[in-house]
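# Examination of the molecular architecture
Here is how the chains run, residue by residue.
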Amino acid sequence: MSLDAKADSFKTRRKHFMERIAAGATAILPSAPVAIRSGDVEFIYRQDSDFYYLTGFAEPESVAVFSPGHPDGEFVLFVRPRDRERETWTGRRAGIEGAMIDHGADKAYTIDELEKILPRYLEKSERVHYPLGLNEKFDERVLKMVRWAQAMRPRLGVGPTVLIDPRDIIHEARLMKEEAEIAAMRRAMEISREAHRQAMLKARGGMKEWQIEAEVNYAFRSQGAAGPSYPTIIASGPNAATLHYIQNDREMRTGELLLIDAGAEYDYYAADITRTSPIGAKFTQLQRDLYQVVLDAQLKAIDVIKPGARFDDPHNVALRVLVDGMRGLGMLQGSADEILESASYRRFYMHRTSHWLGMDVHDVGLYRVGGASRVLEPGMVLTVEPGLYIDRDDDTVPESFRGIGIRIEDDILVTANGHEVMTAATPKTIADVEALTAG
Ligand code: GLY
Ligand code: MN
Ligand code: MN
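The structure reproduced in this document is the subject of the present report. (Residues numbered from 1 in each chain as written. Chains lettered and ligands numbered in written order. Predicted model: local features only at pLDDT ≥ 70, side-chain atom pairs only at ≥ 80, totals over all residues. Heavy atoms only, no water.)

### Focus: the packing of helix α8 (residues 179-202) against helix α13 (residues 430-437)
Running from amino to carboxyl end, α8 crosses α13 at an angle of 60 degrees, the nearest separation of the two axes being 7 Å. With respect to α13, the element α8 is oriented oblique. For the pair formed by α8 and α13, the contact residues are Arg197, Met200 and Leu201 on the first element and Val433, Leu436 and Thr437 on the second. A breakdown of the residues in the contact of α8 with α13 according to their chemical character gives four nonpolar, one polar and one charged. (Axes fitted to C-alpha atoms, helices over the stretch in contact; angles between N-to-C directions. Helix = DSSP H or I, 4+ residues; strand = E, 2+ residues; numbered from the N terminus. Parallel < 35°, antiparallel > 145°, perpendicular 65-115°, else oblique. Contact = heavy atoms within 4.5 Å. Nonpolar A, V, L, I, M, F, W, Y, C, P; charged D, E, K, R; others polar.)

In structure tokens:
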């Protein structure tokens, strides 16, 4: 997408946001704080998703202010000042000119002017939109200014009386993906597909999990992704039963299963894909039986996704298939209804099946509306990721079952007529997986 088209889409989002907060309001959004990794070394900076969604501005120490109809400008950015010496160390800054010319701010100021300028907006506002609790240090600064504007209210006849969380509005917008967002997600998913293919192809007994982590993250970066959108999970053998295993330091053995949960972040959008494959081999009969149960659960769950279905539908379908499969394999006793009622399946399936996906891997947006599971609409993207996890010490099942973990995860776009499996090209059938692992 061209830079102009990108600037336009940020502008359109701001317009919609300002229509929602309406005249008489000021919204304040801080950039993500810089985080220390150790000593004086910082984590690589990643802008806050809400902030970026509305501004396209990637620099730290910035504040965005939105004030529909304000005579001094509706969209104001507070940014780091240009500073030749600092820029020599840490790179170019937009400065106040760049904030206006390249990022569409009606007005821009340096961040040290916040206390001088922001009160001018607050004193004319009845409502203040601010995400309280995200950044306690910044909360204090904002609340001090809000209190000042409140104190002025008797004299000016106007001033803030309500504090509102702007995230409800922003998150509902983010939940419905635009074409350009879907395009960025597709790219993240293509890059991730190649990473998963390479991992299946290269994983062999005797290698360490971190060697595969390196392959996956290499595939991300070498194709232009920012990196992983969450820490890459390379879980061989019994480690696959740990849901968020990220140590990635075990030596893999031929014929064990390898669960890889890895997705790239491309242009601020995440992919989230899990595949489970036999290391340098074909599936054993038991692995195949368990894999087929998870695959059937996933395919049937995906099948029910369409506009009008509810967010919980794929979970309920997947759960049914998993429970039937586990009964068939002798892992659970009793009728399916008894198992669902007592939740005894949780021993082997302890997480939900789906979450929203977008700028954040566990993306924003309400899962329940009016007390009921949310109705799916075109433009929403969700994962479907059933699994079975058998602890290495679980003595309720035969020994051959122990230490096996399987998850299969795809990213699904709700379309006008149904759905699209955006990650369909990542090998998933037993034949396609074995073609890579046992080739
Ligand atoms: N990778 C995190 C998740 O699947 O939810
Ligand atoms: Mn996921
Ligand atoms: Mn995942």
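### Comments concerning the coordination of the manganese ion (ligand 2)
Around the manganese ion (ligand 2), the donor atoms from the protein are Asp272 (OD), His355 (NE2), Glu385 (OE) and Glu409 (OE), and they sit 2.0 to 2.2 Å away. Bound by six donor atoms, the manganese ion (ligand 2) shows angles of 51 to 154 degrees at the metal and therefore irregular coordination geometry. The metal-metal distance between the manganese ion (ligand 2) and the manganese ion (ligand 3) is 3.3 Å, with Asp272 coordinating both. You can see Asp272 sitting in the loop between β13 (269-270) and β14 (273-278) and its partner His355 sitting in the loop between α12 (336-342) and β15 (368-369), a full 83 residues away along the chain. Summarising the burial analysis for this pair, Asp272 and His355 share the class buried. (Donors = N, O, S within 2.8 Å, 3.2 Å for Na, K, Ca; no water. Tetrahedral: all angles 85-135°; square planar, octahedral: opposite > 155°, others 65-115°. Buried < 20%, exposed > 50% of the residue type's maximum accessible area, 1.4 Å probe, protein only.)

### Focus: the nonpolar core
If you look at the biggest cluster of nonpolar residues, it comprises 54 residues, and the most contacted ones within it are Leu290 and Tyr345. Per-element accounting of this core gives the leading share, nine residues, to helix α10 (residues 285-303). In terms of nonpolar packing, the next biggest core, distinct from the first, is built from 39 residues, Ala105, Ile182, Tyr269 and Leu413 among them. (Core = buried A, V, L, I, M, F, W, Y, C linked by side-chain atoms within 4.5 Å.)

### Section: the packing of α10 against helix α11 (residues 313-328)
The angle between the axes and the distance between the axes are what describe a pair of packed helices. Two numbers describe how α10 lies on α11: the axes approach to 8 Å, and their chain directions differ by 155 degrees. By the angle between their axes, α10 is roughly antiparallel relative to α11. The hand of the α10/α11 crossing is right-handed. Two secondary-structure elements touch here, α10 through Val293, Val294, Asp296, Ala297, Lys300 and Ala301 and α11 through Pro314, Val317, Ala318, Val321, Leu322 and Gly325. Tallied by class, residues from the contact of α10 with α11 come to nine nonpolar, one polar and two charged. (Left-handed = near helix turned anticlockwise from the far one by under 90°.)

### A look at the environment of Val384
With respect to the helices and strands, Val384 occurs in strand β17 (residues 381-384). The buried category is assigned to Val384, whose relative accessible area is 0%. When the C-alpha positions of Val384 and Arg407 are compared, they lie 9.9 Å apart, and in sequence the two are 23 residues distant. The residues contacting Val384, other than those within four sequence positions of it, are Gln298, Ala301, Ile302, Ile305, Thr353, Ser354, Ile408, Glu409, Asp410 and Ile412.

### Some details on the coordination of the manganese ion (ligand 3)
Bound to the manganese ion (ligand 3) are the protein donor atoms Asp261 (OD), Asp261 (OD), Asp272 (OD) and Glu409 (OE), situated 2.1 to 2.4 Å from the metal. What the six donor atoms of the manganese ion (ligand 3) show is an angle range of 56 to 168 degrees at the metal, which sorts the shape as irregular. Sequence spacing of the donors to the manganese ion (ligand 3): D-x10-D-x136-E.

### Some points on unusual backbone geometry
The backbone of Asn248 shows a phi angle near 50 degrees, a positive value even though the residue is not glycine. Looking at the secondary structure, you find Asn248 in the loop between β10 (233-236) and β11 (257-262). The backbone of Ala343 shows a phi angle near 60 degrees, a positive value even though the residue is not glycine. Positionally, Ala343 belongs in the loop between α12 and β15. For Ala343, a relative accessible area of 17% gives the class buried.

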